[in-house]
Amino acid sequence: MTINITPYLMMDGNAKEAIQYYQQTLGAEVPMLITYDDMPELPKEDLKGLIAHAKLEIGGSAIWISDSPSTLPVLQGNQVTICITSNDVKQSRRFFEALKDEGQVRMPFQEQSFSPGYGSLTDKFGVTFLFDTEN
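The rules behind these values
Residues numbered from 1 in each chain as written. Predicted model: local features only at pLDDT ≥ 70, side-chain atom pairs only at ≥ 80, totals over all residues. Heavy atoms only, no water. Salt bridge = Lys/Arg side-chain N within 4 Å of Asp/Glu carboxyl O. Helix = DSSP H or I, 4+ residues; strand = E, 2+ residues; numbered from the N terminus. Buried < 20%, exposed > 50% of the residue type's maximum accessible area, 1.4 Å probe, protein only. Expected span 1.5 Å × (residues − 1). Arc of directions from axis to C-beta. Contact = heavy atoms within 4.5 Å.

1. Focus on the pattern of salt bridges
A full pass over the atoms with the stated rule returns 3 salt bridges. As a salt-bridge pair, E57 and K55 come within 3.5 Å of each other at their nearest N and O atoms. In this structure, E97 engages K100 in a salt bridge whose closest nitrogen and oxygen atoms are separated by 3.2 Å. In this pair, E97 and K100 are both assigned in helix α2 (residues 89–100), 3 residues apart and thus about one turn of the helix distant. Residue K100 is classed as partly exposed on the basis of its relative accessible area of 34%.

Below, the structure written as structure tokens:
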């Protein structure tokens, strides 16, 4: 089983600008970029042209970045999320279930078109976690 922890930057409609900035200032490479337009199950007009998920590589490290949907507003202080990625759905679900106690579920853990197990929550300490299972 593989587990990775990655910082995830949630932007308020300016992810493209942030990506370009990090490319110029930090030499970031962008090996993956998905827009909300690429996701047919999310046809909302307010998401058109926005970034659903991008991976930036800086040296040997990665940062993930996306524009937050309007249903999950970005507030000062919750812009950085800790993303825990696993290749085991059961492990991802165990982590999610363990941290949701006394916390607040932002997105229920469930299968998505891009992941066999994905969910988000804020734990009892106010730290936001995103759980993603890779295929």
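2. Side note on α2
Between its terminal C-alpha atoms α2 stretches 16 Å, which fits the 16 Å expected from 12 residues at 1.5 Å a residue. Turning to α2, its buried residues number three or more, namely Q91, S92 and F96. Looking down the long axis of α2, one finds its buried residues gathered within 135° of arc, a one-sided arrangement. In this structure, α2 carries K90 and A98 as exposed residues pointing more than 90 degrees from its buried face. Where α2 is buried, its residues touch β1 (3–11), β5 (80–86), β6 (104–112), β7 (115–122) and β8 (128–133). Positioned one or two residues after α2, E102 has a phi angle of 65°, which is positive.

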